[in-house]
Amino acid sequence: MIILVKKNASKTQIDNLTETLRTLGVQTDTSVGTNHTIIGLVGDTSAVDVDMLNALDIVESVQRIQDPFKKANRRFHEEDTVIELDNGIKIGGGHFQIMAGPCSVESEEQILTVARAVKEAGANILRGGAFKPRTSPYAFQGLGAEGLRLLKLAKEETGLPIVTELMDASHIDLFLEAGVDIIQVGARNMQNFELLKRLGKLDKPVLLKRGLANTLQELLTSAEYIMAGGNSKVMLCERGIRTFETRTRNTLDLSAVPVLHQITHLPVVVDPSHATGYSRLVPPMALAATAAGADALIIEVHNNPAKALCDGAQSLTPAEFAETSKRINAILPYVWGK
Ligand code: PEP
Ligand code: MN
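Residues numbered from 1 in each chain as written. Chains lettered and ligands numbered in written order. Predicted model: local features only at pLDDT ≥ 70, side-chain atom pairs only at ≥ 80, totals over all residues. Heavy atoms only, no water.

All right, on to the environment of Gln27 then. If you trace the backbone, Gln27 turns up in strand β2 (residues 27–32). Judged by relative accessible area, which is 53%, Gln27 ranks as exposed. Gln27 sits 16 residues away from Gly43 along the chain, and the two C-alpha atoms are 6.4 Å apart. Once residues lying within four places of it in the same chain are set aside, the contact partners of Gln27 are Gly40, Leu41 and Val42. (Helix = DSSP H or I, 4+ residues; strand = E, 2+ residues; numbered from the N terminus. Buried < 20%, exposed > 50% of the residue type's maximum accessible area, 1.4 Å probe, protein only. Contact = heavy atoms within 4.5 Å.)

Time to look at the pairing of strand β9 (residues 162–165). Both faces of β9 are covered, namely the face carrying Ile162 and Thr164 and the face carrying Val163 and Glu165. Examined bridge by bridge, strand β8 (residues 125–127) and β9 share two bridges and lie parallel to one another. Within the sheet, the bridge partner assigned to Leu126 lies in β9 and is Ile162. Regarding topology, helix α4 (residues 145–158) serves as the crossover connection from β8 to the parallel β9, and that connection is right-handed. Here β9 pairs with strand β10 (residues 182–185) via three bridges, running parallel. (Pairing = 2+ DSSP bridges. Right-handed = clockwise from strand over helix to strand, strands pointing away.)

It is worth spelling out the nonpolar core at this point. Leu208 and Phe321 are the most contacted members of the largest nonpolar core, which totals 66 residues. Top element by residues in this core is helix α7 (residues 216–228). It accounts for six residues. Dropping the residues within four chain positions of it, Phe321 is found in contact with Ile98, Ala100, Val118, Ala121, Ala123, Ile299, Val301 and Leu316. Within the second largest apolar cluster, 16 residues are counted, among which are Ile3, Val48, Val50 and Ile58. (Core = buried A, V, L, I, M, F, W, Y, C linked by side-chain atoms within 4.5 Å.)

Turning next to the environment of Glu106. Here Glu106 is to be found in the loop between β7 (97–101) and α3 (108–120). Sequence-distant contacts of Glu106, defined by excluding residues within four places in its chain, comprise Leu143, His302, Lys307, Ala308, Leu309 and Cys310. Among the polar contacts listed, one links the side chain of Glu106 to the side chain of His302, at a separation of 3.1 Å. (Polar contact = N/O pair within 3.5 Å; in protein donor to acceptor, adjacent residues only side chain to side chain.)

On to the environment of Asp181. Mapped onto the elements, Asp181 comes out in the loop between α5 (172–177) and β10. Judged by its relative accessible area of 4%, Asp181 is buried. For the pair Asp181 and Ile2, spaced 179 residues apart in the sequence, the C-alpha separation amounts to 43 Å. Not counting residues up to four positions away in its chain, the partners in contact with Asp181 are Leu85, Asp86, Lys155, Pro161, Ile162, Lys204 and Pro205. For Asp181, the side chain forms a polar contact with the main-chain nitrogen of Ile162, separated by 2.8 Å.

The next thing to look at is the sheet that holds strand β11 (residues 206–209). Strand pairing in a sheet relies on backbone hydrogen bonds. The paired strands run either parallel or antiparallel. Spatially, β7-β8-β9-β10-β11-β12-β13-β14 is the arrangement adopted by the eight strands of the closed barrel, whose pairing is parallel. Each strand axis lies, on average, 25 degrees off the axis of its neighbour in the sheet, ignoring direction. As paired strands, β7 and β8 are joined by two bridges and run parallel to one another. Bridging across to β8, Met99 finds its partner in Ile125. (Axes fitted to C-alpha atoms, helices over the stretch in contact; angles between N-to-C directions.)

In total, this model carries 16 salt bridges according to the counting rule given. The salt bridge involving Asp203 is made with Lys233; its shortest N-O contact spans 2.8 Å. One end of the pair, Asp203, is in the loop between α6 (193–200) and β11; the other, Lys233, is in the loop between α7 and β12 (234–238), and 30 residues separate them in sequence. Overall, Lys233 belongs to the partly exposed group, its relative accessible area being 27%. A cluster of three or more residues bridged by salt bridges with shared partners is formed by Arg210, Glu238 and Asp253. (Salt bridge = Lys/Arg side-chain N within 4 Å of Asp/Glu carboxyl O.)

Shown next, in the form of structure tokens:
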């Protein structure tokens, strides 16, 4: 980190600043020029608050050289992280998977029908929300604990591992008892830091979705919260961000895939369903995400989208999912070069 100090700063002010920085555990290297004084920070600067420095009267500007995330950083961990689920399925580092299922678990018949259909069509992981983050408090909130019981049933019958969203840390035990294989943190909770810290204490894969208006760096610092607690099984999910465009539910930031691969070793998942909001847009964007190098896709599928209690407009029918899955598998060998 480099701090550019204003011309009129006194020696005492500069000395006070370097002393404060030393108490934060960083070494400083001050170079006094004719026009400016520059303070170089050496060592681990992750505890230094850039905004706090910028707010000081004597500071002209601050430039961060080091990324504010370490454990998620490819610079310190060159190899791709491969996440292995309890049944041996792997995600990342050349292992590509498709997660599919309804937005919400609605009934035993619904989840079993969809689970059988997506398995038949080539999905390896079943998705389904039991606790739903809905914009309106009057909208269907999910079946809660009953939804987890039904997911467990679907897992027992099909053998598919399950991924479902956790909104409240007090539900963690329920999730573990239900045999949830991947805990999803939804876009709205990407910066729920207390929740992230709790997940850091588990030995369970986490699917961390990008917030509606968050940068990739913020996504990585959120991943860092989980990893700093000791849980390194984190997958990042691009699910569209909010822009000025209104013809799609969100804007799928596909460049996030290669950018994330460059700066982190964590697997990158793409959700073309929430990113676009319309089922007809899901197959082309699922293919595009595969071509861009995603390690996994998460796709909403419903046995009767018109009657779905949540996100019917973006849900594929089992037949549409089967066709999409076939096309993804057809391009995979070209993308991964094998
Ligand atoms: C979901 O996957 O069901 C969901 C609510 O997604 P997001 O958090 O990306 O909106
Ligand atoms: Mn949904």
